[in-house]
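Residue-level structure breakdown
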2 protein chains.
Amino acid sequence: MEQPLLGGASARRCCSLSTLKAWLPVLSWLPRYRLKWLQMDLLAGLTVGLTTVPQALAYAEVAELPVQFGLYSSFMGGFIYTLLGTSKDVTLGPTAIMSLLCASVVGGEPHRAALLSLLCGLIQAGMAILRLGFLLDFISYPVIKGFTCAAAVTIGFSQVKNILGIQGVPREFVWEVYYTFYKIPESRVGDVVLGLLCLLLLVMLTYMKSSLGSEDDSTSSRAARKLVWTVATMRNALVVSAASLVAFSWDAFGHHVFTLTGKTTQGLPPFQPPPTSDTTANGTVVSFGEIVKGFGGGLAVIPFMGLLESIAIAKAFASQNDYRINANQELLAIGVTNVMGSFVSAYPVTGSFGRTAVNSQTGVCTPAGGIVTSIIVLLSLAFLMPAFYYIPKASLAAVIICAVAPMVDYRVVAKMWRIHKLDLLPFCVTFLMSFWEVQYGIIGGVAVSGVLLLYSTARPQIKVSDQGLLVMELGSGLSFPATEYLSHVIHTQALQVSPPRSVVLDCHHVSVIDYTVVSELRDLLRQFKLREVQFIFSGVQVSLRHHLATKVVMGKNYQNIEKIHKTLKKILKTIEKKIYKTIEKIHKTIEKNLKNYS
Amino acid sequence: MEQPLLGGASARRCCSLSTLKAWLPVLSWLPRYRLKWLQMDLLAGLTVGLTTVPQALAYAEVAELPVQFGLYSSFMGGFIYTLLGTSKDVTLGPTAIMSLLCASVVGGEPHRAALLSLLCGLIQAGMAILRLGFLLDFISYPVIKGFTCAAAVTIGFSQVKNILGIQGVPREFVWEVYYTFYKIPESRVGDVVLGLLCLLLLVMLTYMKSSLGSEDDSTSSRAARKLVWTVATMRNALVVSAASLVAFSWDAFGHHVFTLTGKTTQGLPPFQPPPTSDTTANGTVVSFGEIVKGFGGGLAVIPFMGLLESIAIAKAFASQNDYRINANQELLAIGVTNVMGSFVSAYPVTGSFGRTAVNSQTGVCTPAGGIVTSIIVLLSLAFLMPAFYYIPKASLAAVIICAVAPMVDYRVVAKMWRIHKLDLLPFCVTFLMSFWEVQYGIIGGVAVSGVLLLYSTARPQIKVSDQGLLVMELGSGLSFPATEYLSHVIHTQALQVSPPRSVVLDCHHVSVIDYTVVSELRDLLRQFKLREVQFIFSGVQVSLRHHLATKVVMGKNYQNIEKIHKTLKKILKTIEKKIYKTIEKIHKTIEKNLKNYS
């Protein structure tokens, strides 16, 4: 099987070019580029481009920036990711979540958004160089799911006002909900009708695409399927264009029944560094330090969220299309994109799930497809901006609502309930706190799951069984936060009863032991001696044996017992080995038979 | 064996009074109080009192407060702890570390010190009521040791200037060291000679006490030993009194060669709530909010450190004298002492190691000894203050240096190196950061040990062995931070090699599994299926079996294997049980023989 793209791991195989190839994955796939791939990349790039343009305009709305800034943010990613990316599918650009975060941090100031992009990019690139990608390991799925659910609800609801054509609704979620309902009587009929129509069309097209079968193979039905697929994939561009056309016609006849995007700046953005200070409306100069202070926690959350979103997407598609990505290299690609983006007035970007899915489904072969997408965005910036005047805001709102709706995954709650109920706690904390201030959700969720993790190390399961002696089995490892608890259990169950009882502590799950544990165990041993009962360690791993004063207690007898244990374990291992081999044989036979049958 | 004191656990045995007894341990031991105990309590209280007075004066110096504040802080603990304490040995009062922390937080302002005491007390009492004593589990021995070593060095060195009689040395450790050496030429001969003499005397007396044998049993030598013991135990009071006498004599003859304590306020402190605002030297009023803001992290560190110090001491003596303490009840006792103390101008106090040791060695039977100590402190406040004028600062410095010297425990480094090298990291971080700002040391150390703990859950040991199939054994539990790493190992070792290999994942150390892990394992299973190799879970605990899609992969064969496994385990368990019984028999025989021999 041929793999169009190399992951970081395989790129490091050869020696002389290996480092360079690891930092510039393009060097791995470009020499092997084929004409067949070009055709697919062109098609995919074009398709993604036609999704990107309307989405970028809509997300700029979420970010509370003029629509052209959505497009400014959409073309740098394609170029940079082609050079630095390790996934063929990922497309970088504005996303719903990043737009929401950007709005909540900079509050709709384009200058500051670009500066935020620069700083986020630098932080991300710095993390990539320091190989800090592993920090992502500490964000559990429940936190991610809680956050995406809450963000989807927040973003989706924020668009209801645009569908209703209501003005002057505040951004804080609670007040937004209140005022949206309060102002329903003010809603404009034109916007409501158009918005609902767009929504209906988008939902229908999405449904058609998802119910496309692939069983029938006659030429005519294949062509029909291809047509449906194309229309459904381009649905955003089609719906927005159609709505604009309608708006333009009504406008031409003098009926201003729709809320339109309005005047936008035409042309490409200037290439210049983002301003490091800012002037407010009343003429006060805000210094660089003050702006950065204003960003506050956003400077920690946005780079991290960007990374998280992109890696989650890259991993999902890597798993589906059977290749591996390199988290640190992905981080570098996003970081450089944000740094370079800030020079063209972009706001922070990351991998977009929707567009990455389109890219993958269209059959992209290399990240080069991104270049095509970027060119389409640049072309629309150069030539299409006057047409964007007539895009009804309600149609963009419909695009966003349809984009975020699949992010609300309620089934995940049932799954967590079944697998590990405690996971619902970080999920709920993240979900609820995200409505307060979207970045606090992630921080709160990570903190809660960290605390749960620490708590589980502080309170290990201790199975106590009476076998003449009290046998206590530690359910997991033993580290310093657990010593006090263990000591408490032993004291109450063995030392404070009368008469005191001997204890066997089964340590076979313990693989590391620290100074605090050893000190406490030594003290316990003394207590047992004082009461003339035994405290015996069993199943101690070889590497730890010299730390525990086992030999002092057990002397030669202990060694004998250990010998018996060892022999038994060896026998068990041999049996296991044989069993494994048998399993494999059985499996192979079953599979062979299955193949012969089918 | 009779136990003079009841721990929290046994106090809860009966039902009607149990709650009250748990909150007021005095109710458990007072009804059983005996005249024999009274004698011991009186003696111990007196001995501790004679240690408390000179130490309190000296520690006030460390806290940068006038000496009488040391005594103000020393008497409330005795009364409160008698009612609320769960250890017979612990004595509450000013300590070197709390004094240092207090100085670094309030910078020698008596009003603020009392306010700090109130707030710390409230926080501690609140923590006790919320049962937050378990938080102490997260402070490992390396952090405690690192902190006490650094505090001892800081405190000890801060007294060198008093022995040299140097003025105007700043408080920051680095500058203190620099200026102390820089100003050596300015040192006063009288102070140096007296200080060194006091030090010599104290060291000699300490040494004499520690080398007191107990073999000889003739009446005369027993009396001699008792005399030495008494003199050595009262050494602080004796040395300070002698030094004061010398200073008084020289002063009477008009030679002012010693730096003296100087004028102090006589009499008992007024009973009044601590002021909630403050006026600075230049007349500015500082509001309550500003004062609290000024305390900053101190409000987190001081209550915690107080608790930590006291619990560590209580646990050490509980273990030695064979009783159990209740951490939350201890916390309540300290909290109430600090709250009440703030009404008599005290600064934050906690359990003192030195005085608790004296208390225990003198044979105290109940916490009532503390009342005697408190009365002695009150008497010296009422009548002895004029005499305190003549106490040379150098003699107090000698008392402090001798008190903190045993806290520097360099052997602990070697022990950590032997047992768990990684423990040296939090130790060193705590030790070094404590010199920067003493409370940062604890915070830094706890943070580092928390990160190490999380890191160990993120990177579990994975033992890979080739037994036809690749067998991977997880060295410990599997929680969400480890999923990415596990997936990486499996991918690189089994899936990305050609041909791909089957893997057996030995999960017998895994006792809990979360949603993130299950999701990742499900994805891995898909990858294995895609490549037509097997991914088999072995040793899965019964409670987890339904979460892992094991049966899907292994079908009936798996069940058979599990049956064999189970039978083998049962056999092993039976053998183990027999072995345990044999061990106990052997032990008993050995011990019986040993007793017969001796």
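Provided above is the structure to which this section pertains.
This report concerns the structure included in the present document. These numbers were taken from a predicted model, which means no experiment stands behind them.

Another aspect to go through is the overall build of chain A. Each helix and strand counted, chain A has 26 helices and 8 strands in total. Relative to its full complement of 598 residues, chain A shows a buried share of 54%. At a minimum sequence separation of 6, the contacts of chain A that also span at least 24 residues come to 78%. When the accessible surface of chain A is totalled, it reaches about 26700 Å², and 66% of it is carbon and sulfur.

Glancing now at the pattern of salt bridges. Scanning the model with the defined rule gives 18 salt bridges over all chains in all. Across the pair Arg526 of chain A and Asp523 of chain A runs a salt bridge, and its minimum N-O distance is 3.6 Å. Taken together, the positions of Arg526 of chain A and Asp523 of chain A, both in helix 25 (residues 515-530) and 3 residues apart, correspond to about one turn of that helix. According to the relative accessible area criterion, Arg526 of chain A is partly exposed, its value standing at 37%. For Lys161 of chain B, the salt bridge goes to Glu176 of chain B, with nearest N and O atoms at 3.4 Å. Here Glu176 of chain B lies in helix 11 (residues 173-182) and Lys161 of chain B lies in helix 10 (residues 160-164), a separation of 15 residues in the sequence. Members of the salt-bridge network, linked through shared partners, are Lys145, Asp409 and Arg411 of chain A.

Looking now at the sheet that holds strand 6 (residues 469-474) of chain B. Residue and element names in this part refer to chain B. An order of 5-6-7-8 is seen for the 4 strands of this open sheet, with the pairing classed as mixed. The sheet is open, and its two borders are formed by strand 5 (462-467) and strand 8 (535-538), each paired with just one other strand. Strand-to-strand twist of the sheet, defined as the mean angle between neighbouring strand axes without regard to direction, takes the value 20°. In this structure, strand 6 lies alongside strand 7 (residues 503-506), joined through 4 bridges in parallel fashion.

Let us now look at the side chain of Asp506 of chain A. Inspection of the secondary structure puts Asp506 of chain A in strand 7 (residues 503-506). Asp506 of chain A has contacts with Met472, Glu473, Leu474 and Ser538 of chain A, leaving out every residue within four places of it along the chain.

Glancing now at the environment of Phe528 of chain A. Residues and elements named next belong to chain A. Locating Phe528 in the fold gives a position in helix 25. As a C-alpha pair, Phe528 and Ile375 span 153 residues in sequence and 77 Å in three-dimensional space. Dropping the residues within four chain positions of it, Phe528 is found in contact with Ile490, Ala494, Leu495, Arg501, Val503, Val533, Gln534 and Phe535.

Another point: the sheet that holds strand 6 (residues 469-474) of chain A. All names here are of chain A. One open sheet accounts for 4 strands, arranged 5-6-7-8; its pairing is mixed. Two strands lie at the open edges of the sheet, namely strand 5 (462-467) and strand 8 (535-538), each paired on one side alone. With direction set aside, neighbouring strand axes in the sheet form an average angle of 20°. Both strand 5 and strand 6 contribute to a ladder of 6 bridges, which runs antiparallel. Looking at the pairing, Asp466 lines up with Leu470 of strand 6. The strands touched by helix 24 (residues 480-495) within the sheet are strand 5, strand 6, strand 7 and strand 8, with strand 6 carrying the most contacts at an inclination of about 160°.

This next bit is on the packing of aromatic side chains. On inspection of all chains with the given rule, the structure shows 43 aromatic pairs over all chains. Ring centres of Trp175 of chain A and Tyr178 of chain A lie 6.1 Å apart, and the angle between their planes is 90°; this geometry places the pair in the edge-to-face category. You can see Trp175 of chain A and its partner Tyr178 of chain A sitting in helix 11 (residues 173-182), 3 residues apart, about one turn around the helix. The class of Tyr178 of chain A is partly exposed, set by a relative accessible area of 46%. Judged by centre distance (4.7 Å) and plane angle (65°), the ring pair of Trp436 of chain A and Tyr440 of chain A falls under edge-to-face. According to the relative accessible area criterion, Trp436 of chain A is exposed, its value standing at 60%. Over the face of the ring belonging to Trp417 of chain B we find Lys421 of chain B, whose NZ or CZ atom lies 5.1 Å from the ring centre.

Right, let's talk about the pairing of strand 8 of chain A for a bit. Residue and element names in this part refer to chain A. Residues Phe535 and Phe537 point to one face of strand 8 and Ile536 and Ser538 to the other, with burial holding for every one of them. Alignment of strand 7 against strand 8, held across 4 bridges, turns out to be parallel. From the neighbouring strand, Leu505 faces strand 8, where its bridge partner is Phe537.

Quick look at helix 17 (residues 327-342) of chain A now. All names here are of chain A. When the terminal C-alpha atoms of helix 17 are compared, their 23 Å separation across 16 residues agrees well with the 22 Å that a helix rising 1.5 Å per residue should span. Across the 16 residues of helix 17, 13 count as buried, placing the element largely inside the fold. You can read the cap of helix 17 off the contacts: a side-chain oxygen lies 3.0 Å from the backbone nitrogen of Asn328, and it is on Asn326.

Reading guide: rules and limits
Residues numbered from 1 in each chain as written. Chains lettered and ligands numbered in written order. Predicted model: local features only at pLDDT ≥ 70, side-chain atom pairs only at ≥ 80, totals over all residues. Heavy atoms only, no water. Helix = DSSP H or I, 4+ residues; strand = E, 2+ residues; numbered from the N terminus. Buried < 20%, exposed > 50% of the residue type's maximum accessible area, 1.4 Å probe, protein only. Contact = heavy atoms within 4.5 Å. Areas by Shrake-Rupley, 256 points an atom, 1.4 Å probe, with all protein chains shown as cover. Salt bridge = Lys/Arg side-chain N within 4 Å of Asp/Glu carboxyl O. Pairing = 2+ DSSP bridges. Axes fitted to C-alpha atoms, helices over the stretch in contact; angles between N-to-C directions. Phe/Tyr/Trp six-rings, centres within 6.5 Å; stacked < 30°, edge-to-face > 60°. Lys NZ or Arg CZ within 6 Å of the ring centre and 35° of its normal. Expected span 1.5 Å × (residues − 1). Polar contact = N/O pair within 3.5 Å; in protein donor to acceptor, adjacent residues only side chain to side chain.

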